[in-house]
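Below, each chain spelled out in residue letters.
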Amino acid sequence: MKRINLKVLFTMITMLVLSINMNAQQPDPVQKALDGWSADETLDFIRNFKVTDLTTAKPAALWYHAHASQTNKTAIMLRRQPIMELTESKLPEIGKIEAETNLGTLSLNDYLVHPQSFAQGFVVLHKGEVAYESYPGMDDLDTHFWASVTKVLSSLAVDLLIEDGLIDQNETLGKYVPDFKGSAWENIKIIDALDMSTGLDALDNASQFANPKSVTSRMFRAELGEETKGKVEYMLDVMLDAKPVAESGKHYAYSSVATQSLVFLVEAVSGKSWSDFFDERVWSKMGVEGPLQMHLSPDGIAIVHGPASSNLRDLARIGMLYTPSWSKISTERIVSPDMLDRIMNSPRDKDFYLGGEAGSGERFMDRLGDKTVRTAARQWDAIFEDGDFFKSGLNSQGLYVSPDKDLVIAFFSTEPTHRIQKYLRQIATSGLFD
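Reading guide: rules and limits
- Residues numbered from 1 in each chain as written.
- Predicted model: local features only at pLDDT ≥ 70, side-chain atom pairs only at ≥ 80, totals over all residues.
- Heavy atoms only, no water.
- Phe/Tyr/Trp six-rings, centres within 6.5 Å; stacked < 30°, edge-to-face > 60°.
- Helix = DSSP H or I, 4+ residues; strand = E, 2+ residues; numbered from the N terminus.
- Buried < 20%, exposed > 50% of the residue type's maximum accessible area, 1.4 Å probe, protein only.
- Salt bridge = Lys/Arg side-chain N within 4 Å of Asp/Glu carboxyl O.
- Pairing = 2+ DSSP bridges.
- Axes fitted to C-alpha atoms, helices over the stretch in contact; angles between N-to-C directions.
- Contact = heavy atoms within 4.5 Å.
- Expected span 1.5 Å × (residues − 1).
- pLDDT = per-residue confidence, 0-100.

Quick notes on the packing of aromatic side chains
Right, so step 1: Tallying each qualifying case throughout the model produces 22 aromatic pairs.
Right, so step 2: Here the aromatic rings of tyrosine 64 and phenylalanine 145 are separated by 5.2 Å at their centres, their planes lie at 75°, and the arrangement is edge-to-face. One end of the pair, tyrosine 64, is in helix 4 (residues 59–67); the other, phenylalanine 145, is in strand 6 (residues 144–145), with 81 residues separating them in the sequence. Per residue, the accessibility class of tyrosine 64 equals that of phenylalanine 145, and both read buried.

Here it is as structure tokens:
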């Protein structure tokens with residue numbers, strides 16, 4: 001038998017132990033959000049932040065998620081009601097629920113503290129009580145960027161005006177918005193804008209993001225005050241350049257520009273700025289813990305397709321408006337039964353969801369790891385066959401609502417693959433909330 005060189009063996013073991021220790025000591029990327037930023041770092045981000053910095057999980061995106069108000073003009077919606085505290089009724093079993101991600105099969109507890117999860121906050125509310133809560137990368141009262149989760153606020157505002165009898169969703173945008181006259185937006189039905197089915201060429205996809213001449217890319221740059229051909233454009237001027245490429249109302253095709261059309265609709269009908277309208281009708285009625293920051297373009301338009309900021313529990317409170325526990329966080333019922341029915345029982349079907357541009361629906365199902373998505377509607381990315389619905393945002397922000405289970409899940413992250421979504425249906429269908 002060949003003798004083992006003890007010196008070589010000792011060296012190998014030492015190197016292995018050092019390697020394990022080095023890996024174990026690698027800092028969590030989001031720890032920087034807790035540690036804070038230097039004056040030089042902050043000034044550099046304020047002066048040089050670009051919209052492209054949001055597309056990767058890097059320090060600039062992490063900084064922006066907590067400091068968007070230092071880059072964008074911001075409308076502040078203050079708390080108008082006494083705080084309606086969320087009581088705690090913890091279910092430790094939630095943290096033990098497992099999902100398969102590209103980091104392996106991990107429990108929720110283990111995933112949230114994994115050095116590569118990029119998770120910052122995760123909360124589960126059941127019957128209006130906190131059943132699970134974790135903040136691996138932020139403090140509980142810190143504000144954080146919602147990204148495209150903000151989009152559901154646009155449909156909520158439109159639905160309130162529908163309830164008021166001031167908007168007919170089967171009419172066209174041009175009937176209500178004079179600025180849309182003579183453009184491709186004029187004859188788009190409001191229901192089709194609500195359901196991401198305008199048929200216009202202003203889409204959220206890789207080719208349009210990469211094309212600096214596309215309406216989508218130009219609008220994103222305009223929102224951050226970045227120049228196109230040597231000048232900063234106005235959001236509305238950019239939107240009016242959109243052209244029809246498909247039949248509206250036929251298929252789902254994800255579009256942040258479609259969301260912004262609803263902002264101009266609300267302002268035209270209500271006669272108020274979008275932020276003032278939403279503050280008056282929604283935020284001022286809620287017993288929130290902090291303000292809602294509604295970030296604006298340089299020309300003062302609320303960017304409702306993406307940049308809003310609040311703490312995590314207040315995002316979850318928005319989800320509670322759609323549940324039987326709404327009275328625990330609001331002085332009045334904001335989401336009516338009819339409004340809820342228009343989401344849960346949308347006439348849009350799976351063919352509508354899967355037949356659109358670049359497989360928009362298929363992409364959302366893959367991220368969720370669940371094929372029981374029936375469709376999408378009213379700015380929500382996924383409406384499941386059991387009536388639950390979900391909205392995601394860039395870098396893995398999310399809001400999941402189950403009205404029948406009186407369940408809300410909300411989370412913040414800085415990770416572009418959306419793997420955290422794999423836990424949502426596992427939690428909702430775990431049997432813990434039946």
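Let's pick the thread back up.
Describing the pattern of salt bridges
Right, so step 1: Within this structure, the stated rule accounts for 26 salt bridges.
Right, so step 2: The closest approach of N and O atoms between aspartate 241 and arginine 218, which form a salt bridge, is 2.9 Å. Pair noted here: aspartate 241 is in the loop between helix 12 (235–239) and helix 13 (256–270) and arginine 218 is in helix 11 (residues 215–223), with a separation of 23 residues, a long-range link.
Right, so step 3: Judged by relative accessible area, arginine 218 falls into the buried class, the value being 11%.
Right, so step 4: As a salt-bridge pair, glutamate 280 and lysine 272 come within 3.4 Å of each other at their nearest N and O atoms.
Right, so step 5: Three or more residues are tied together by salt bridges with common partners; here these are Glu88, Lys90, Glu133, Glu289, Arg313, Asp314 and Arg317.

Things to note about the sheet that holds strand 13 (residues 407–413)
Right, so step 1: An order of 5-4-13-12-11-10-9 is seen for the 7 strands of this open sheet, with the pairing classed as antiparallel. Among the strands making up the open sheet, the edge pair consists of strand 5 (129–134) and strand 9 (373–377). The average undirected angle you get between the axes of adjacent strands in this sheet is 15°.
Right, so step 2: Two strands pair when backbone bridges link them, and strand 11 (residues 389–393) and strand 12 (residues 397–402) are joined in this way by 5 bridges, in the antiparallel orientation. By the bridge assignment for strand 12, serine 392 is matched with glycine 398.
Right, so step 3: Each of strand 4 (119–126), strand 5, strand 12 and strand 13 is contacted by helix 15 (residues 312–320), which is oriented at about 145° to strand 13, the strand it contacts most.

Observations concerning helix 7 (residues 151–163)
Right, so step 1: Look at helix 7: 19 Å from first C-alpha to last across 13 residues, which is about the 18 Å you get at 1.5 Å a residue.
Right, so step 2: Among the 13 residues of helix 7, 12 are classified as buried, and the element is accordingly described as predominantly covered.
Right, so step 3: Of the positions making up helix 7, those classed as buried are Lys151, Val152, Leu153, Ser154, Ser155, Leu156, Ala157, Val158, Asp159, Leu160, Leu161 and Ile162.

Details of the confidence of the model for the protein chain
Right, so step 1: Summary statistics for the protein chain give a mean pLDDT of 92 and a share of 93% for residues scoring 70 or more.
Right, so step 2: Per-residue pLDDT stays below 50 along residues 6–25; that stretch engages in 1 contact with residues further than four places along the chain or on separate chains.

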